Each structure stands twice: as structure tokens, then as C-alpha cells.
Amino acid sequence: VIATALPDVQEDSEAATVVVDEPPRASTPAPVALTFDFEPATDLDVTPLASEPSVSQTDVFVAGATGITSAGADGQAIVGIRVRRNAASVGAELRGDAPQQVSADRMGTIGIARAQISISPCTHFGAFATCVVVGAGTIHGSGAGLTSAREAYTPLLTAGLRVTWEQPLTRRLALRIHFDADALLTTTQFDVDDMKVWESQRFEASAGLGVLAHFP
């Protein structure tokens, strides 16, 4: 018998230590600060606009005009005053018509005269202006060469529109042309022996030429 001796294997009594390399941890990114630099494309001017300077003046004017109705034409004399501030004005004027003589069927005549005062607020556009004209007055009639002739006064109310044009002549004076279109809100009639001799017109137009004086 052949005996083979095997070497003794001595077990290591100490436990083996296994070291595992961990993968590197991802680092936490640092916070990123975002900065916006905004500049407006254009600078806005918020300065309030200066208001238009107020300009006031007072005007005195005289004018002659010709009124046109279906009964014909008559002369007018006008004198007035106007207060203007920038593009707005208010005027007051006194108007008197030339007396008319109307035949009363060969028996005599009737003299007719008209007087009124008017108020006219206006809006100005350069040399031109548009106005609303409201007037009140009276029409006077008196008989001549008639039996039992007497006088009569009747009330008069008018309303209409006006267009004016002004041209400066000097620093203080200006030329003015006006065109009026009026409606009579009242009616006047004069009779002789129960027959109508004269009656006021419902509508009338007039054109006039005058001079204005500015103060200051």
C-alpha cells in the first residue's frame, strides 16, 4: 500500500474583507442667479402739456346791412359790442331798419319801422365765425292821410344763423362782412278798413359790412 501524504490546508480563521468602491456622487449644482437688465426703447416724456394761454378782448362794431325778403330790400343800421375769449365770443347788438312807407289803396300811407336787440354766441375758425342769433324787438306802424289813423306796436321774436368774415386793417381795427338767415317767430299785420295792407315775412336774409374796434 502506497500512502500519499497530502499537505494540510489550514483555513484562515480571519474573515476576508471585501471593499467595494462606490461611484462618485453627483455634486449639487450651485443656484444660478438670473438678472434682467431692461431698458425702454424710447424715453417717454410725461411732462403735462402747457394749456393754451387765455386771450380775451372786447370789440365794438358798427355796420350797415341790406335785408332781403319777398317784399323787397330794406336798409339796416347795426351797432353792438362783443366779448371774445380764444375761439368763443358772445355779442349783443341793436338793429334799426329804415322806415318804410306802404300805400293804403290811395287813401293814405302806413309808415312801418322796426327795432330789435339780438344776442349772438359765436365760434371762430380763423377769419370765419358761425353764430346763432336770437332777437327780440318791436314793429311800429302808423297811419298817415287816413281817417281815424292811429299807431300800433307789435312784438317781434326772431331766431337764425350768421356767418362772418373778418379782415384786420390795423392792430385795433378790422373789417367784418356778415350774412344772416332769420326766421320770424311772430307775425305782424296792418289793416285798413279790414283789408290787409302789410304783413311781416316769415323768413328773411341780410348781408352787411361793418368795422370792429378792438379793446385792448
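Anything mentioned here points back to the structure above.
Residues numbered from 1 in each chain as written. Predicted model: local features only at pLDDT ≥ 70, side-chain atom pairs only at ≥ 80, totals over all residues. Heavy atoms only, no water.

1. Details of the overall build of the protein chain
The criterion, for reference: Think of it this way: any DSSP run of H or I at least four residues long counts as a helix, any run of E at least two long counts as a strand, and we number them from the N terminus. Here's how the labels work: a residue is buried when its accessible area is under 20% of the maximum for its type, exposed when over 50%, partly exposed in between, all with a 1.4 Å probe on protein chains only. Only heavy atoms matter for contacts: two residues are in contact if any of them lie within 4.5 Å across the pair.
What the protein chain contains, in helices and strands, is 0 helices and 11 strands. Mapped in sequence order, the helices and strands of the protein chain form the string β-β-β-β-β-β-β-β-β-β-β. The 216 residues of the protein chain split such that 29% are buried. The contacts of the protein chain with a sequence gap of at least 6 include a subset with a gap of at least 24, amounting to 54%.

2. A look at the pairing of strand 6 (residues 128–144)
Which entries qualify depends on this criterion: Whether two strands pair comes down to DSSP finding at least two bridges between them.
Strand direction decides the pairing type here: strand 5 (residues 109–125) and strand 6, joined by 15 bridges, are antiparallel. Across the sheet, residue Arg114 finds its bridge partner in strand 6, namely Ile139. Between strand 5 and strand 6, which pair antiparallel and follow one another directly, the connecting turn spans 2 residues, one of which, Gly126, has a positive phi of 65°. For strand 6 and strand 7 (residues 151–168), the ladder comprises 15 bridges, and the chain directions are antiparallel. Residue pairing across strands places Gly137 opposite Leu156, the latter belonging to strand 7. The antiparallel pairing of strand 6 with strand 7 creates a hairpin that spans 6 residues between the two strands, and Gly145 there sits at a positive phi of about 75°.

3. Quick look at a nonpolar patch on the surface
Defined as follows: Patch membership requires more than 30% relative accessible area and the absence of a salt bridge. Residues of like charge join within 9 Å; the nonpolar side chains Val, Leu, Ile, Met, Phe, Trp and Tyr join within 5 Å. For the area figures, the Shrake-Rupley method with a 1.4 Å probe applies, and any residue is considered shielded solely by the protein chains shown. What makes a salt bridge here is a side-chain nitrogen of Lys or Arg within 4 Å of a carboxyl oxygen of Asp or Glu, nothing more.
A cluster of nonpolar side chains, contributed by Val62, Val79, Leu94, Ile117, Leu169, Leu173 and Val211, occupies part of the molecular surface with about 580 Å² of accessible area. When you line up the elements, Val62 lands in strand 1 (residues 56–69). A relative accessible area of 48% means that Val62 is categorised as partly exposed.

4. Overview of the packing of aromatic side chains
The cut-off we apply is this: Each pair of aromatic rings taken from Phe, Tyr and Trp, with Trp reduced to its six-membered ring, is defined by centres within 6.5 Å and is described as stacked if the planes are under 30 degrees apart, edge-to-face if over 60, and tilted in the remaining cases. Charge-over-ring placement is defined geometrically: NZ (Lys) or CZ (Arg) within 6 Å of the ring centre, and within 35 degrees of the ring normal.
Evaluation of the coordinates by the stated rule reveals 1 aromatic pair. We note Arg176 situated over the ring of Phe61; from NZ or CZ to the ring centre the distance is 4.4 Å.

5. Description of the pattern of salt bridges
Proximity of charged atoms lets side chains of opposite charge pair with each other. A full pass over the atoms with the stated rule returns 9 salt bridges. In this structure, the salt-bridge partner of Asp59 is Arg82, at a minimum N-O distance of 2.5 Å. Here Arg82 lies in strand 2 (residues 72–85) and Asp59 lies in strand 1, a separation of 23 residues in the sequence. Like Asp59, the residue Arg82 is buried in the burial classification.

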